[in-house]
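These are the residues of each chain, in order.
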Amino acid sequence: GFFTVPAWGCPAACVALAKPLRQSRPLRTGQPDNCTDVPASAFEQGTEQGDLAWYLPGMQQWIYSVPAFITTLENTIQQILPVTNYPDRIKQNLLANITESASWISRGHMYASTRDGRWELFPGVKHPQGLTGCAFWVSWEISVLLQVSLCDIGSFRSLRTACPETCQCLDGMDECPYGCSSGDA
């Protein structure tokens, strides 16, 4: 899960477990571990591959524990909307309903929409680039909104193991699968 790092009391064995789990992926899926991102369905609850749906509640808890996150969310949305790829009418609608948009994210509905396979960044509005899966969670829009890059390591379990392509993993990088090379990332 999101908190499986020593900073949150997880023993070193917890951290070491991620790589063997990734290494066992070929046996479980019949697919080679070629340093590719898991499918978007891995973040969706109730799917055969939905083993990352558990990551989202921990991430949500951690982000909301950051001082002033919720109070700065409206301002953050106002700052990023002009530079997104949304059509002007969607930008105007989101700005006109900024409190609702921020509240929707802060109440966990964005996370729920991804677990349900809808992949909405705002109420009824998909990601401006149409992204899902790893690309959704690692996009610059999500990083700015949540004030964190989910490919970073340290205070939480990153998405590197599940999303090595999107996180641009190279051989030997912490939390990346074995076998990633400059040609695979």
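Relevant structure appears above.
Residues numbered from 1 in each chain as written. Predicted model: local features only at pLDDT ≥ 70, side-chain atom pairs only at ≥ 80, totals over all residues. Heavy atoms only, no water.

**Student:** Any chance you could explain the pattern of salt bridges here in plain terms?
**Tutor:** A side chain with one charge may pair with a side chain of the opposite charge, provided their charged atoms come close. In total, this model carries two salt bridges according to the counting rule given. We note a salt bridge from R118 to E120, for which the minimum N-O separation is 3.8 Å. Accessibility expressed as a relative area gives 34% for R118, which makes it partly exposed. A single network of salt bridges, built from pairs that share partners, joins D116, R118 and E120. (Salt bridge = Lys/Arg side-chain N within 4 Å of Asp/Glu carboxyl O. Buried < 20%, exposed > 50% of the residue type's maximum accessible area, 1.4 Å probe, protein only.)

**Student:** What should I look at first to understand the nonpolar core in this one?
**Tutor:** Nonpolar side chains in soluble globular proteins generally cluster together in the buried interior. Membership of the largest hydrophobic core comes to 42 residues, with the highest contact counts inside it found for F43, M59, I77, M110, F122, W137 and L146. Residue contributions to this core peak at five residues, all from helix α3 (residues 55-65). (Core = buried A, V, L, I, M, F, W, Y, C linked by side-chain atoms within 4.5 Å. Helix = DSSP H or I, 4+ residues; strand = E, 2+ residues; numbered from the N terminus.)

**Student:** Please clarify how the environment of F122 should be interpreted in this entry.
**Tutor:** Structurally, F122 is set in strand β1 (residues 120-122). Since its relative accessible area comes to 1%, F122 is described here as buried. Here the alpha-carbon distance between F122 and I105, two residues 17 residues apart in the chain, equals 7.1 Å. Beyond its immediate sequence surroundings of up to four residues, F122 is in contact with I77, L81, Y86, L94, S101, W104, I105 and L145. (Contact = heavy atoms within 4.5 Å.)

**Student:** Sorry if this is basic, but what is going on with unusual backbone geometry here?
**Tutor:** The bulk of non-glycine residues show a negative phi, and the bulk of peptide bonds are trans. Even without glycine at this site, Q168 takes up a positive phi of about 55 degrees. Its place among the elements puts Q168 in the segment after α9 (140-146). Look at E175: it is not a glycine, yet its phi comes out positive at around 65 degrees.

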